[in-house]
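# Notes for the structure review
Now for the letters of each chain:
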Amino acid sequence: MKSSEFRVVYENGVFRPLERVSLPEHKVLVLVEKSVPEDPQFDEDDQSEILAVLGERFASGETDVAARHNEHQP
């Protein structure tokens, strides 16, 4: 028996798939609960902090920051 995995959300007493599924009508399934963490939500302050860090790197003029990666390892 082939099994597929797809994400669903439970809303108003109904399981709703989060992506398109290819199943025949009236197909009976067994759901096994496996909670997944919600996607983090970024607000404008978070985005500003991220852009500031990226801007520092861009303004440094250094073109290959990965070349110095090991300098920052404990």
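Described below are features of the structure shown in this document. (Residues numbered from 1 in each chain as written. Predicted model: local features only at pLDDT ≥ 70, side-chain atom pairs only at ≥ 80, totals over all residues. Heavy atoms only, no water.)

What follows deals with the environment of Val-8. When you line up the elements, Val-8 lands in strand 1 (residues 8–11). Classification of Val-8 by relative accessible area gives partly exposed; the value is 31%. Val-8 sits ten residues away from Leu-18 along the chain, and the two C-alpha atoms are 5.3 Å apart. If we skip the residues at most four places from it in the chain, Val-8 touches Phe-15, Arg-16, Pro-17 and Leu-18. (Helix = DSSP H or I, 4+ residues; strand = E, 2+ residues; numbered from the N terminus. Buried < 20%, exposed > 50% of the residue type's maximum accessible area, 1.4 Å probe, protein only. Contact = heavy atoms within 4.5 Å.)

Secondary-structure assignment places Phe-6 in the segment before strand 1. Given a relative accessible area of 26%, Phe-6 falls into the partly exposed group. For the pair Phe-6 and Leu-18, spaced twelve residues apart in the sequence, the C-alpha separation amounts to 7.7 Å.

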